[in-house]
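Commentary on secondary and tertiary structure
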Amino acid sequence: MQTLLKEIRNTPLLWMLAFVPIVLVAEAAAPHSHTLLFVLAVLAIVPLAALLSHATEAVAAKTGDAVGGLLNATLGNLTELIIAITALRAGQYMLVKASIAGAIVTNAVFMLGACLLVGGLRYHVQEYNRAGARLSSGLLLMATVALLAPSAVADIEHLPQGGGILNKLSLGISVLLIIAYGLGLLFSLRTHKELFASADHGDDKEAHWPIGTAIGTLLVVTVLVALVSEIFVESVQKAAETFGMSPAFVGFIVVSLVGAAAEFAVAFAAARKDRLDMAVSIALGSASQIALFVAPALVLLSYVVGPKPMDLQFWPGAVTMVMIATVTSAFITASGRSAWFVGALMIFIYAVFALTLYVIPPAGQG
């Protein structure tokens, strides 16, 4: 507990944990104040995501490379997964699909671009492992193509209107993606782990929490994230109307940025220390984890916790944005060198996506 309190005192982002009890009390006292609850829930999820990241890193550091890598890969996007599961239970499938597509775009374009910009403002030119970046971007491209395949065929006229064939296709693709996810872990953690070693340099000497503190924090924070996510999902629809936002915009932009707040902090810090290998690995690795693990896991979970099975048919705008983001990140990282202007251009691409989605929501949400 002493270690945890010291970490909270020394990390300004964790001071926002005060919003956790505030939002829980506000939900009990004023359950119909949806806009207030939405804002408080967003402010509460950000520090919880950061604390979850700290605890995950501490547990991973104590369990060895293989298990630690598996934990980081599985729990790295736990915040987004919990929010999506909560929305899944509520039947808000547009919010779930928007958060999947948004997380891929946010990590592959915004996080990567911001890292290149932050690092480039401090260093004239930065270099990183081109081979590792190519592997990560190639994995992301494969996962994105598989994830968006149902959307490519969903408008064919001979498909039945009931959606049964589309659900079967989505289920089959989900199983294939999870198998590919397992093979990716085997490749990166065991058979060819030397290719990814550069992404981990400089971290071995950092002090980590005791294992008991880390596990206890992990369990408690997971419960708190689930509680706050419940409030977030219940209030998001009314609050979105107040702010003039569609559920697609909330999932694509707000949920993605809030859920990845902790990863942003780690990636930005790495870029400023000229450890661009780590920053690129975090950005592209997190995007590929969403496509390979989180998305298919949500499809499978929809059969258990959702009111009906969820398919992988995204609206055309999401398909276009995800493909552009994937190709752009692969093109940008192919050179192995970067400067601040490259990062600025990627952030402008993300801003164009956000503005377009805000002004022109998907059909049926305007």
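Parameters and conventions
Think of each chain on its own: its residues are numbered from 1, step by step along the sequence as written. For this predicted model, a pLDDT threshold of at least 70 governs which residues receive local features, and a threshold of 80 or more governs which side-chain atom pairs are given and counted, while totals over whole chains, interfaces and linings are taken from all residues. Side-chain calculation: all heavy atoms of the structure are included, whereas hydrogens and water are not. Labels follow the DSSP assignment, with helices taken as runs of H or I lasting at least four residues and strands as runs of E lasting at least two, numbered in each case from the N terminus. For the exposure calls, accessible area comes from a 1.4 Å probe over protein chains only, and a residue counts as buried if that area is under 20% of its type's maximum, exposed if over 50%, partly exposed in between. By definition, residues are in contact when any of their heavy atoms lie within 4.5 Å. For every accessible area listed, the method is Shrake-Rupley and the probe measures 1.4 Å; residues are considered covered only by the protein chains on display. Stacked, tilted and edge-to-face pairs are distinguished by plane angle, under 30 degrees for stacked and over 60 for edge-to-face with tilted covering the rest, among Phe, Tyr and Trp rings (Trp via its six-membered ring) whose centres lie within 6.5 Å. Values of pLDDT, the confidence the predictor places in each residue, fall between 0 and 100.

This paragraph deals with the overall build of the protein chain. From N to C terminus, the protein chain includes 14 helices and 2 strands. Relative to its full complement of 366 residues, the protein chain shows a buried share of 49%. Long-range contacts, defined here as pairs at least 24 residues apart, represent 85% of the contacts in the protein chain between residues at least 6 apart. Accessible surface, the protein chain: about 16,400 Å² in total, of which carbon and sulfur atoms supply 68%.

On inspection of all chains with the given rule, the structure shows 8 aromatic pairs. Between phenylalanine 249 and tyrosine 358, the ring centres sit 5.2 Å apart and the planes meet at 70 degrees, which makes this aromatic pair edge-to-face. Of this pair, phenylalanine 249 sits in helix α10 (residues 247–259) while tyrosine 358 sits in helix α14 (residues 340–359), and the two are 109 residues apart along the sequence. On the accessibility criterion, phenylalanine 249 (10% relative accessible area) is buried. Under the relative-accessibility criterion, tyrosine 358 is labelled partly exposed at 37%. On the basis of an interplanar angle of 80 degrees and a centroid distance of 5.7 Å, the ring pair of tryptophan 340 and phenylalanine 341 is categorised as edge-to-face. A residue is classified by how much of its surface remains accessible, and phenylalanine 341, at 48% relative accessible area, is partly exposed. Taken together, Phe110, Phe264, Phe268 and Tyr350 form an aromatic cluster joined through their ring pairs.

Right, let's get into the confidence of the model for the protein chain. Within the protein chain, residue pLDDT values average 82, and 88% of them lie at 70 or more. The secondary-structure element of the protein chain with the lowest mean pLDDT is helix α4 (residues 64–75), recorded at 55, while α14 shows the highest, at 94. In this model, residues 198–204 is a region of pLDDT below 50 whose contacts with residues beyond four sequence positions or in other chains number 12 contacts.

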